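Survey of secondary and tertiary structure
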Amino acid sequence: MSSCAQNTEKLTSSKQHYENGVFKNLEMSYDSSFSTFLSNVWAFLTDKTENKIPEDNTIPIVKLTSKDIENMPNNSVVRLVHSTLLFKVDNKYILTDPVFSESITPFPFVAPTRFHELPITIKELPFIDIVIISHNHYDHLDAPSIIKLKDKVGHFYTTLGVKQNLLDLGIDTMKVCELDWWQSCTKGSLSLTATPAQHFSGRGLFDRNKTFWSSWVINSSESKIFFSGDTGYFSGFKKIADKFGPFDMTFLEAGAYNERWKEVHMMPEETIRAHQDLKGKILFPIHNSSFKLSNHAWNEPLKKISKEAREKNILITHPKMGEIISLLKYKQTQKWWEQQ
């Protein structure tokens, strides 16, 4: 049995962060105009930073079978790509921001292509009880992946406005739970809450910030998990911790950052600060090592975040793609990005 705190009003239910037909951040504005987009693309294309793309087979992958997924221990997680995580909690499977496509943009001439093989294909995955979509950017809402997944998913949980994106892909309206910040859905012993984030949205030239973005809290009978989606650093992390923390593991973005857009993507030191604000026990950095989305070297995020964590005595885990680990017990993983 599942229940959903659905919004029955139009999107104006978010009075604080919805104005003149668009959503907005509460703390810091970000210029997400088309001119800024073009400027960032030009900087991206002309940047001379070396090592932005790893050599073939640089990133180690643990190949998984259907049996491996079926045998995942309860309270475990595996990272498959980018921000795509597969959790097994209370013997239910939860998949976040599924991106299984080889490239992720509507603009083929600048299409970021995946650095590595997939640990497992969609076809090999078991029935997924819940899919979480944090926002509608192409590296988080991947239409081809959603279409392939739709018949083997129980429910899709997302934030305001994104439901229509899913309906356009053929998802049954009864399978979508759409939430505002601080609203929750429950499924048996699981509770999922959309929590604040500082980002923006849009899949084309004319829908900028027409849909919302959020981070997510996943509460099970034995674990508390925080999934950041995409976000800049802001005071909201402390408020989330006050309401839901401390967290057994935080899954925080650490990659695709740049001073040009630091309002909506955290710099490495800010990821550490966010983890501390959230009162996290173990930090699991995500949003790196899969696609070229900024001007830093592909492995720079991992080098910087691990150094910051060591200096702050923070438990940090860096499993390989496809490496299954416990959510509740710290596993000291290899610095695989330094061994290539």
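Residues numbered from 1 in each chain as written. Predicted model: local features only at pLDDT ≥ 70, side-chain atom pairs only at ≥ 80, totals over all residues. Heavy atoms only, no water.

1. Some words on the pairing of strand β12 (residues 215–219)
- Within β12, five of the five residues are buried, leaving the element largely enclosed by the surrounding structure.
- Covered by surrounding structure in β12 are Ser215, Val217 and Asn219 together with Trp216 and Ile218, the residues of both alternating faces.
- Bridge analysis of strand β11 (residues 190–195) against β12 gives five bridges, and the strand direction is antiparallel. Within β12, the position partnered with Ser191 by the bridge is Asn219. (Buried < 20%, exposed > 50% of the residue type's maximum accessible area, 1.4 Å probe, protein only. Helix = DSSP H or I, 4+ residues; strand = E, 2+ residues; numbered from the N terminus. Pairing = 2+ DSSP bridges.)

2. Observations concerning the pattern of salt bridges
- Here the structure, examined in full by the defined rule, presents eight salt bridges.
- The closest approach of N and O atoms between Lys281 and Asp248, which form a salt bridge, is 3.4 Å. Within this pair, whereas Lys281 is found in strand β15 (residues 280–286), its partner Asp248 is found in strand β14 (residues 247–253), the two being separated by 33 residues in sequence.
- A residue is classified by how much of its surface remains accessible, and Asp248, at 14% relative accessible area, is buried.
- The closest approach of N and O atoms between Lys312 and Glu308, which form a salt bridge, is 3.6 Å. (Salt bridge = Lys/Arg side-chain N within 4 Å of Asp/Glu carboxyl O.)

3. A closer look at the state of the cysteines
- Throughout the structure, instances matching the rule amount to one disulfide.
- Each disulfide pairs two cysteine sulfurs, and for Cys177 the partner residue is Cys185, the sulfurs being separated by 1.8 Å. (Disulfide = S-S within 2.5 Å.)

4. Section: the side chain of Ser214
- Inspection of the secondary structure assignment puts Ser214 in the loop between β11 and β12.
- Judged by its relative accessible area of 1%, Ser214 is buried.
- Among the polar contacts made by the side chain of Ser214, one reaches the side chain of Trp216 at a distance of 3.1 Å.
- Filtering out sequence-adjacent residues up to four positions away, Ser214 remains in contact with Ser134, Thr159, Trp181, Ala194, Thr195, Ala197, Ser228 and Gly229. (Polar contact = N/O pair within 3.5 Å; in protein donor to acceptor, adjacent residues only side chain to side chain. Contact = heavy atoms within 4.5 Å.)

5. Quick word on helix α7 (residues 300–311)
- End to end, α7 covers 17 Å across 12 residues, agreeing with the expected 16 Å (1.5 Å per residue, within 8%).
- Those residues of α7 lying buried are Pro301, Leu302, Ile305, Ser306, Glu308 and Ala309. All buried residues of α7 lie within an arc of 160° about the axis, which places them on one face of the element.
- Backbone geometry just downstream of α7 places Asn313 in the positive-phi region, at approximately 55°. (Expected span 1.5 Å × (residues − 1). Arc of directions from axis to C-beta.)

6. What about the environment of Ile314?
- Tracing the chain through its elements places Ile314 in the loop between α7 and β16 (315–316).
- Considering only alpha carbons, one finds Ile314 and Lys281, 33 residues apart in sequence, at a separation of 7.9 Å.
- Aside from chain neighbours lying at most four places away, what touches Ile314 is Ile272, His275, Gln276, Leu283 and Ala309.

7. With respect to the packing of aromatic side chains
- Scanning the model with the defined rule gives 13 aromatic pairs in all.
- Between Phe234 and Phe237 the ring centres are 5.0 Å apart and the planes differ by 65°, which places this aromatic pair in the edge-to-face class. Taken as a pair, Phe234 and Phe237 share a single burial class, namely buried.
- Taking the centre distance of 6.3 Å and the plane angle of 20° together, the rings of Trp298 and Trp336 count as stacked. Linking Trp298 in the loop between β15 and α7 with Trp336 in the segment after β17 (325–326), this pair joins segments that are 38 residues apart in sequence. (Phe/Tyr/Trp six-rings, centres within 6.5 Å; stacked < 30°, edge-to-face > 60°.)

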